[in-house]
Amino acid sequence: MDRVSSFDEPLKKLLGGATAKVMAEHLDLHTVGDLLHHYPRRYEERGKLTALADLPLDEHVTVVAQVADARILMFNNGRGKRLEVTLTDGSGRLQLVFFGHGVHKPHKELLPGRQAMFAGKVSVFNRKMQLAHPTYQLLDASDADEATEAVDAFAGRLLPIYPACKQLDSWRIAKAVDAVLPSAQDAVDPLPASLREGRGFTPLPEALLKVHRPQTKADIEDAKARLKWDEAFVLQVALARRRYADTQLPAAARRPVADGLLDAFDAKLPFTLTEGQEKVSKEIFDDLATEHPMHRLLQGEVGSGKTMVALRAMLTVVDAGGQAAMLAPTEVLAQQHHRSITEMMGELAEGGMLGGSDRGTKVVLLTGSMGTAARRQALLDLVTGEAGIVIGTHALIEDKVQFHDLGLVVVDEQHRFGVEQRDALRSKGKQPPHLLVMTATPIPRTVAMTVFGDLETSVLDQLPAGRSPIASHVVPAKDKPHFLARAWERVREEVGNGHQAYVVCPRIGDDAEEAEGKKGKAKKKATEEDPEKRPPLAVLEIADELRKGALAGLTVEVLHGRMHPDEKDDVMRRFAAGDVDVLVATTVIEVGVNVPNATAMVIMDADRFGVSQLHQLRGRVGRGSAPGLCLLVSEAHEASPARARLSAVAATLDGFELSRIDLEQRREGDVLGQAQSGVRSSLRMLTVIDDEEVIAAAREEAVAIVAADPELEHLPELRTVLAALLDKDREEYLDKG
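Keep in mind it's a predicted model, so treat the numbers as computed, not measured.

*Asks:* Can you lay out the overall build of the chain for me, pointing to particular residues and giving the numbers?
*Replies:* A tally of helices and strands in the chain yields 28 helices and 21 strands. For the chain, buried positions account for 52% of its 737 residues. Summarising the internal contacts of the chain: among those between residues at least 6 apart in sequence, 74% fall at separations of at least 24. About 33,900 Å² of surface is accessible on the chain, with carbon and sulfur atoms providing 51% of the total.

*Asks:* How would you sum up the sheet that holds strand β20 (residues 598-603)? Please name residues and give values.
*Replies:* What holds strands together in a sheet is hydrogen bonding between their backbones, with the strands either parallel or antiparallel. Overall, parallel pairing links the 6 strands, which are arranged β16-β21-β20-β17-β19-β18 in an open sheet. Of all strands in the sheet, those with a lone pairing partner are β16 (470-476) and β18 (556-559), marking the two edges. Here the strands of the sheet are splayed against their neighbours by 20° on average, with no regard to which way each runs. Across 4 bridges, β18 lies against strand β19 (residues 582-585) in parallel orientation. Bridging from a neighbouring strand, Val 556 pairs with Val 582 of β19. Sheet strands touched by helix α20 (residues 539-548): β17 (500-504), β18 and β19. Its angle to β18, the strand with the most contacts, is close to 175°.

*Asks:* Tell me about the packing of helix α12 (residues 275-288) against helix α13 (residues 306-319), residues and numbers included.
*Replies:* Running from N to C, α12 and α13 point in directions that differ by 30°, and their axes come no closer than 10 Å. In this structure, α12 meets α13 at a crossing whose hand is right-handed. Taking contact as the criterion, the partners of Gln 277, Val 280, Ser 281, Ile 284, Phe 285 and Leu 288 in α12 are, on α13, Met 308, Val 309, Arg 312, Ala 313, Thr 316 and Val 317. In terms of residue class, the contact of α12 with α13 is built from 8 nonpolar, 3 polar and 1 charged.

*Asks:* So what's going on with the pairing of strand β3 (residues 80-88)? Residues and values would help.
*Replies:* Relative to strand β4 (residues 93-99), β3 runs antiparallel, the two sharing 7 bridges. From the neighbouring strand, Arg 82 faces β4, where its bridge partner is Phe 99. Counting the residues that bridge the hairpin from β3 to β4 gives 4 residues, and of these Gly 90 lies at a positive phi of roughly 90°.

*Asks:* Describe the environment of Ala 642, naming the residues involved and giving the relevant values.
*Replies:* With respect to the helices, strands and loops of the structure, Ala 642 is situated in helix α23 (residues 641-651). Note: C-alpha distance between Ala 642 and Phe 609 (33 residues apart in sequence) is 9.4 Å.

*Asks:* Lay out the packing of aromatic side chains with the relevant residues and their values.
*Replies:* The full count for this structure, using the stated rule, is 6 aromatic pairs. Seen from their ring centres, Phe 118 and Tyr 136 are 6.1 Å apart, and the 40° between their planes marks the pair as tilted. A residue pair is termed long-range when its members are at least 10 positions apart, and Phe 118 in strand β5 (residues 115-125) and Tyr 136 in strand β7 (residues 135-139) qualify at 18 residues. Classification of Tyr 136 by relative accessible area gives buried; the value is 14%. Ring geometry for Trp 229 and Phe 233: centres 6.1 Å apart, planes at 35°, overall tilted. One end of the pair is Trp 229 and the other is Phe 233, both in helix α10 (residues 217-248) and 4 residues apart, which spans about a single turn. Clustering of aromatic rings is evident, with ring pairs tying together Phe 98, Phe 118 and Tyr 136.

*Asks:* Report on the confidence of the model for the chain, specifying residues and quantitative values.
*Replies:* With 82% of its residues at a pLDDT of at least 70, the chain reaches an overall mean of 81. Model confidence for the chain, summarised as mean pLDDT per element, is weakest for helix α25 (residues 675-679) at 35 and strongest for β17 at 95. Predicted confidence for residues 521-532 stays below pLDDT 50, and this span has 2 contacts to residues more than four positions away or in other chains. Per-residue pLDDT stays below 50 along residues 667-682; that stretch engages in 27 contacts with residues further than four places along the chain or on separate chains.

*Asks:* Describe in detail α20, supporting the description with residues and values.
*Replies:* What α20 keeps buried is the set Val 539, Ile 542, Ala 543 and Leu 546. Taken around the axis of α20, the buried residues stretch over an arc of 100°, which confines them to a single face. Seen from the buried face of α20, the exposed residues on the opposite side, beyond 90 degrees, are Glu 545 and Lys 548.

*Asks:* Describe in detail the sheet that holds strand β11 (residues 362-366), supporting the description with residues and values.
*Replies:* Here we have 7 strands laid out as an open sheet, ordered β11-β12-β10-β13-β14-β9-β15, and parallel in their pairing. In this open sheet, the two strands that pair with only one neighbour each are β11 and β15 (456-460). Pairwise comparison of adjacent strand axes, ignoring direction, gives a mean angle of 20° for this sheet. Inspection of the sheet shows strand β9 (residues 295-300) paired to β15 by 5 bridges, in the parallel sense. By the bridge assignment, Gly 300 is partnered in β15 with Leu 460. Along the sheet face, helix α14 (residues 331-345) touches β10 (323-327), β11, β12 (387-392) and β13 (406-412) and points at about 170° away from the line of β11.

*Asks:* Which residues make up the pattern of salt bridges, and what are the values?
*Replies:* The tally for this structure, following the rule as stated, stands at 33 salt bridges. Among the salt bridges present, the one from Asp 286 reaches Lys 282, with a minimum N-O distance of 2.8 Å. Here Lys 282 and Asp 286 lie together in helix α12, a separation of 4 residues that amounts to about one turn. Residues Lys 362 and Asp 381 are paired through a salt bridge, measuring 2.9 Å at the closest nitrogen-oxygen approach.

*Asks:* Go over the packing of helix α9 (residues 204-212) against α10 with me, naming the residues and quoting the values.
*Replies:* Angle between the axes and distance between the axes: these two values describe a pair of packed helices. Orientation of α9 relative to α10, taken along the N-to-C sense of each, is 125°, at an axis distance of 8 Å. Compared by their axis directions, α9 and α10 come out oblique. Here α9 runs over α10; the crossing is left-handed. Residues Leu 204, Ala 207, Leu 208, Lys 210 and Val 211 of α9 touch α10, and the partners they reach there are Asp 219, Asp 222, Ala 223, Arg 226, Leu 227 and Asp 230. Residues that form the contact of α9 with α10 fall into these classes: 6 nonpolar, no polar and 5 charged.

*Asks:* Let's hear about unusual backbone geometry: which residues, and what values?
*Replies:* Although it is not a glycine, Asp 605 sits at a positive phi angle of roughly 50°. As for its placement among the helices and strands, Asp 605 is situated in the loop between β20 and α22 (611-618). Phi at Leu 712 takes a positive value of approximately 55°, unusual for a residue other than glycine. Within the secondary structure, Leu 712 is located in the loop between α26 (692-708) and α27 (716-725).

*Asks:* Describe helix α18 (residues 481-496), naming the residues involved and giving the relevant values.
*Replies:* In this model, α18 (16 residues) spans 23 Å end to end at C-alpha, consistent with the 22 Å of a helix rising 1.5 Å per residue. For α18, the full list of buried residues reads Ala 487, Trp 488, Val 491, Glu 494 and Val 495. One face of α18 carries all of its buried residues, which in axial projection span an arc of 115°. Turned more than 90 degrees away from the buried face of α18, the exposed residues are His 482 and Gly 496. Gly 498 sits one or two positions beyond α18 and adopts a positive phi of about 90°.

*Asks:* Kindly report on the environment of Val 234, identifying the contributing residues and their values.
*Replies:* You can see Val 234 is positioned in helix α10. Taking the C-alpha atoms as reference, Val 234 lies 9.5 Å from Arg 719; in sequence the two are 485 residues apart.

*Asks:* Which residues make up a nonpolar patch on the surface, and what values go with them?
*Replies:* Nonpolar side chains collect at one region of the surface, where Leu 57, Val 124 and Met 129 lie side by side and expose about 240 Å² of accessible area between them. Checked against the element boundaries, Met 129 lands in strand β6 (residues 128-132).

*Asks:* Please set out the side chain of Glu 84 residue by residue, giving values where relevant.
*Replies:* Relative to the elements of secondary structure, Glu 84 occurs in strand β3. You can call Glu 84 buried: its relative accessible area is 10%. Setting aside residues up to four positions removed in sequence, Glu 84 forms contacts with Asp 69, Ala 70, Arg 71, Leu 73, Gln 95 and Leu 96.

Cut-offs and rules
- Residues numbered from 1 in each chain as written.
- Predicted model: local features only at pLDDT ≥ 70, side-chain atom pairs only at ≥ 80, totals over all residues.
- Heavy atoms only, no water.
- Helix = DSSP H or I, 4+ residues; strand = E, 2+ residues; numbered from the N terminus.
- Buried < 20%, exposed > 50% of the residue type's maximum accessible area, 1.4 Å probe, protein only.
- Contact = heavy atoms within 4.5 Å.
- Areas by Shrake-Rupley, 256 points an atom, 1.4 Å probe, with all protein chains shown as cover.
- Pairing = 2+ DSSP bridges.
- Axes fitted to C-alpha atoms, helices over the stretch in contact; angles between N-to-C directions.
- Left-handed = near helix turned anticlockwise from the far one by under 90°.
- Nonpolar A, V, L, I, M, F, W, Y, C, P; charged D, E, K, R; others polar.
- Phe/Tyr/Trp six-rings, centres within 6.5 Å; stacked < 30°, edge-to-face > 60°.
- pLDDT = per-residue confidence, 0-100.
- Arc of directions from axis to C-beta.
- Salt bridge = Lys/Arg side-chain N within 4 Å of Asp/Glu carboxyl O.
- Parallel < 35°, antiparallel > 145°, perpendicular 65-115°, else oblique.
- Expected span 1.5 Å × (residues − 1).
- Patch = residues over 30% accessible without salt bridge, like charges linked within 9 Å, V, L, I, M, F, W, Y side chains within 5 Å.

Now the structure itself:
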């Protein structure tokens, strides 16, 4: 059997159909290689053999003893049964107890006089020491040597505890691993020999043996160090090859033109750009001037002026004869961008129109809900090249939309776009267009290197002059109801001072949502105790309550995703114009909404939102010269993790610090989101947050290796492992971030 195929062997062949079926369906394990990479999540130290007289309470122990007697007792009027077994080893006695269906097997096997090893946690019941449901192994007394060997193997060992499922417990997974462990010898080692020796790593077959069957704690550390490196390195090589392949694609260089649209725009700016904006703009302009497509991620704190940087990049492309498209995740946001960009550009956005500048261009909006005539005109402006800039939702990627010469795609809030959408837009250029991805969710460096590893990163961490600080406070509505009353007073005070406020709720509260909720209720009943006793607070209900009560006399309007687009636009326009005092909304206002006069935000049921989302929402206030106020209302218990999360948000305005806290609390699963399908098999040992140094070092090595040998011709083992890791779907995933 050759070296690769034993890893590709279906588990069915070695373990039998029933076990293999459970592993495939419930643990997503299909081959020998999958199972060998299904690592223990922790290790129990089975106590050295303990005399019954010396048993410590609450500790895991292993004892060898003889069964003195065993009997089944009925309880609960004969509906329940338990098996009680008494053990003796000459030094003392110990009781074992098994309940329910678990009594049948031990009742047959643990007969008086039999000797066995038992492992479990010592507890006390009715003043007697006992082990409840211990694991055990019978010892055949006919062969003393064999019995001693079994005792040694069972007792002194570190016991691997595997990620398991109801249908297959850790004990049985360990047995299955035993069956495939000999194949570890066939592991293809992806690390080049020089790297492996230079860093003093354990060989891969040995690392697999040590992780599954460690003799000592040092074995576990050795194995983990090696296996983490493999994961980080293989992933970084895949990403480095993507970046290299991108540099081989052709693109039209878009260089700034003197006295063009950009210069005219810069000349009329009423403020100077921050140092950060200048620096990031230079990085982008340098990329646009090259003949392969830019792939850049622009992360910026909420309100750091990303839109300004993106707009200047779009104007440069228009100056160079191309077109730029900006993709927004929602219609509200697309309309908002269109409005703010046309306002910033003034007559420069009215190219070809009466009163427009002769250096100007047309800036068109394209969304799914536009009227037919307006849509037809927008499409015509794009295909003729009349419109240099288009802003829209994913309606932009429909087949009907044709560009004259698409040079740059700006994607706002990347995490809201599917991979296919980003790709479809790319294919609309004569050559691949340059790509700028913007996110206001600060991403810790290692996550950026892992999830967005095919993009170069620029960071805007400086707030523009004139932005005001935001004070944030937690309002414990349950413990201190008068705090909530004070929160509404503060809103009235802000409005009294000529400002406006947002109130954010997790739910809309309309009929369509109620109907969906009813479907979900049946599922909820299944959980024994739902910690969230009441449904989340709803926009429509809260708005109604505020109009009648705490904010009576103020203009209170609602905004949510199920409203007609014209209605949404109308509410946003009136709020921006100052005609609405308080806007009660869902998270539809989370990104990009810019009303400098709004100074206060009250977030209801704040514990139902994630850390990054709260930070995004809070960024909607304090956008003008007056200081911002954000009140996080929660009924969560003071000692709960939810409250700890809110306190963290209230304590810092540093998005990068918060993203770190968020990641530590949620671990990688949610952060990688879609990535889970893409990187499932590669991130099993590695944790993105704890292993920063490993990831950074692996990236360096990967970049050097790919630069020297892009096709990995001299590293066939690495090629083999990459091919196994990156089946087509996963490669596509990495390709698109």
